[in-house]
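Okay, here's what each chain looks like letter by letter:
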Amino acid sequence: MRQDEARRVRARIAQLEQDLTAASAQTRQLRQDAGHELRNAKFRLERLEECIAAMR
């Protein structure tokens, strides 16, 4: 279950990073929102990976 969630978070991180690199067509607020969500997703992934490692 945690591994599935980690996969989803990794996929979302990849999407957010792609969105930020294509940011020329976005407004400043959208870039800020994506950056904030990206930081949160990376933090969440780190915690999930710690949890997965502890269960092994």
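These notes cover the structure that comes with them.

### Comments concerning helix α1 (residues 2-21)
Counted at 1.5 Å a residue, the expected span for α1 with its 20 residues is 28 Å, and the 29 Å between its end C-alpha atoms agrees. Ala6, Val9, Ile13 and Leu16 are the residues of α1 that are buried. The buried residues of α1 all sit within an arc of 85° when viewed along its axis, so they share a single face. Considering only its buried residues, α1 is in contact with α2 (28-55).

### Regarding the packing of α1 against α2
One way to put it is that α1 packs onto α2 with a least axis distance of 9 Å and a crossing angle of 155°. Of the possible angle classes, the one that applies to α1 and α2 is roughly antiparallel. The chirality of how α1 crosses α2 is left-handed. A per-class count over the contact of α1 with α2 returns 13 nonpolar, two polar and ten charged.

About the cut-offs
- Residues numbered from 1 in each chain as written.
- Predicted model: local features only at pLDDT ≥ 70, side-chain atom pairs only at ≥ 80, totals over all residues.
- Heavy atoms only, no water.
- Helix = DSSP H or I, 4+ residues; strand = E, 2+ residues; numbered from the N terminus.
- Expected span 1.5 Å × (residues − 1).
- Buried < 20%, exposed > 50% of the residue type's maximum accessible area, 1.4 Å probe, protein only.
- Arc of directions from axis to C-beta.
- Contact = heavy atoms within 4.5 Å.
- Axes fitted to C-alpha atoms, helices over the stretch in contact; angles between N-to-C directions.
- Parallel < 35°, antiparallel > 145°, perpendicular 65-115°, else oblique.
- Left-handed = near helix turned anticlockwise from the far one by under 90°.
- Nonpolar A, V, L, I, M, F, W, Y, C, P; charged D, E, K, R; others polar.

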